[in-house]
Amino acid sequence: MADNLSDTLKKLKITAVDRTDDSLEGCLDCLLQALTQNNMETSEKIQGSGILQVFASLLIPQSSCTAKVANVIAEIAKNEFMRIPCVDAGLISPLVQLLNSKDQEVLLQTGRALGNICYDSHEGRSAVDQAGGAQIVVDHLRSLCSKTDPASEKLLTVFCGMLMNYSNEKNDSLQAQLINMGVIPTLVKLLGIHCQNAALTEMCLVAFGNLAELESSKEQFASTNIAEELVKLFKKQIEHDKREMVFEVLAPLAENDAIKLQLVESGLVECLLEIVQQKVDSDKEEDIAELKTASDLMVLLLLGDESMQKLFEGGKGNVFQRVLSWIPSNNHQLQLAGALAIANFARNDGNCIHMVDNGIVEKLMDLLDRHVEDGNVTVQHAALSALRNLAIPVVNKAKMLSAGVTEAVLKFLKSEMPPVQFKLLGTLRMLIDAQAEAAEQLGKNVKLVERLVEWCEAKDHAGVMGESNRLLSALIRHSKSKDVIKTIVQSGGIKHLVTMATSEHVIMQNEALVALALIAALELGTAEKDLESAQLVQILHRLLADERSAPEIKYNSMVLICALMGSVFPISLHCIRKDT
């Protein structure tokens, strides 16, 4: 075998010069047979023989052997170590030229060769790019798209595969190039016409997955019927792997609000709910993974305002009711998805009011209660997110307070997980907004205030630090209570409020200045030393002298100065809306 191969390679070099097609064809047949028997070993020998450069001269449209030469290149390029040598041997340019051939076999083998050279090879893709190969392939796809005969479908599969490998790179420029060539509408049309062709469908899906990550692709996808085609395809899939391929395209596409709505209107949600129902009791690894993917995608669809409202249906929709049933489930993934879905439904006041009036708060508190001791952090975070959003409408606050939400939330005060801390703080801040009694009760809770002061120094977690400061300020602003101020002074919170007055966020500066003015007006004696050591006066001077300070910052700074001086100036404090 080895001797025959060596002889064939020597003969091929001589024959390539003479250009005798019969002898050349015999040599190529021998190479193809050897590659079939042991591709890697044969490819190594081909590389060592220096014959690759000879192939470049054999890739000519007029020769009857051209398709076989391209076939040999396609076979050797299956090996990773052969792709760069193929580029270095100058094979890309003549191969790209052959894409203009009218011979189907030449086109087929050329497409295979270029596709294999592009696979996982930056050098291969770059060479095809420079030779202009992508545009020619896109043009072929466009012209062949509607043809359903076996030969055309074979060609379409190869060309789709080539584009799949060409676009499968972290460098966005090649993907953007294909998008600019208008490949997306062609591929979507192709998917619709050839949905019975499994190989072609698979190539399309992978190409979609490569392109869908780019933001610039979303607009093109949204202008097609991609949602309808993918949902149609999804419904047909029985095997887990095939559904997973569709999921991988759906997830990035569903980040676009227009496509979210299209997917909802195409019936994707019903498919997802069916998967959840089928897989919820299974302990198979692939079923658990599919349940997670389906429920995660469901939550993603609810991030769009229009798609969310369409599925809410005034709180009476089937989808909303099914999602509600996930919260008391024993499956952590469904609990998480259910709580996140409620948080997404709770993005406008009408929905929030309806849900609170219909008992959602109690369901979420029950869920939290199941996760207090060594609970699932993601579920804690999701449930707190939902409660925070529900607490935004003014009419919900008193209802949620009387339902015991504050007590339920405070159970997580010992949490060391920043995401949970962040949502806990936000929920409490929403609940006490304009609720004097609740603000006073919380403000006198020494454990809470001490924890807030501790978190005000959490420099590694800016969100937690910011929310802690804002809640400290809110406790004073909404309670206007001397006892609350004393608790905060005794816990060392004053310096943080003074620092907050220098925040880069105007809303936080305002909140701090209002709280400090109340401290000065109500309990200056208790706080005086802390205000002085925090250099409040110097900070106020800087705020007033800084021409970049917003008008309301200067106004509230002057009000605070008057309060500090014991002025009779009325403490009419200007603060922007605090429900953010």
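Residues numbered from 1 in each chain as written. Predicted model: local features only at pLDDT ≥ 70, side-chain atom pairs only at ≥ 80, totals over all residues. Heavy atoms only, no water.

The protein chain has the name Rap1 GTPase-GDP dissociation stimulator 1 isoform X4 in an unreviewed UniProt entry, where Bos indicus is given as its organism.

1. Here we look at the UniProt feature "repeat: ARM" (unreviewed entry) in the protein chain
When the UniProt feature table is mapped onto this chain, "repeat: ARM" (unreviewed entry) is found at residues 90-132 and 359-391. Segment residues 90-132 splits into 74% helix and 0% strand. End C-alpha atoms: 15 Å apart. Helix makes up 73% of residues 359-391 and strand makes up 0%, while its end C-alpha atoms are separated by 14 Å. (UniProt positions renumbered as here; feature names shortened; annotations may be inferred. Helix = DSSP H or I, 4+ residues; strand = E, 2+ residues; numbered from the N terminus.)

2. Considerations on the nonpolar core
Formed by 210 residues in total, the largest nonpolar core has its most connected members in Phe 55, Ile 73, Phe 208, Ile 342, Phe 345, Leu 364 and Leu 390. Here the element with the most residues in this core is helix α35 (residues 506-533); it accounts for 13 residues. When residues no more than four places from it in sequence are discounted, the contact partners of Phe 208 are Ile 184, Leu 187, Val 188, Leu 191, Phe 221, Ile 226 and Val 249. (Core = buried A, V, L, I, M, F, W, Y, C linked by side-chain atoms within 4.5 Å. Buried < 20%, exposed > 50% of the residue type's maximum accessible area, 1.4 Å probe, protein only. Contact = heavy atoms within 4.5 Å.)

3. Regarding unusual backbone geometry
Apart from glycine, the bulk of residues carry a negative phi angle, and the bulk of peptide bonds sit in the trans form. Unlike most non-glycine residues, Glu 313 shows phi in positive territory, near 45°. Inspection of the secondary structure assignment puts Glu 313 in the loop between α21 (305-312) and α22 (318-326). The phi angle at Lys 480 is positive, at roughly 50°, despite the residue not being glycine. Examined against the element boundaries, Lys 480 turns out to sit in the loop between α32 (462-479) and α33 (482-490). Looking at Lys 480, the relative accessible area reads 52%, which means it is exposed.

4. Quick word on the pattern of salt bridges
If you walk through the whole model with that rule in mind, you get 24 salt bridges. Between Glu 75 and Arg 112 there is a salt bridge, with its nearest N and O atoms 2.6 Å apart. Remark: Arg 112 occurs in helix α8 (residues 104-118) and Glu 75 occurs in helix α5 (residues 66-76); sequence separation between them is 37 residues. A residue is classified by how much of its surface remains accessible, and Arg 112, at 21% relative accessible area, is partly exposed. Salt bridges sharing common partners tie together Glu 25, Asp 29 and Lys 68. (Salt bridge = Lys/Arg side-chain N within 4 Å of Asp/Glu carboxyl O.)

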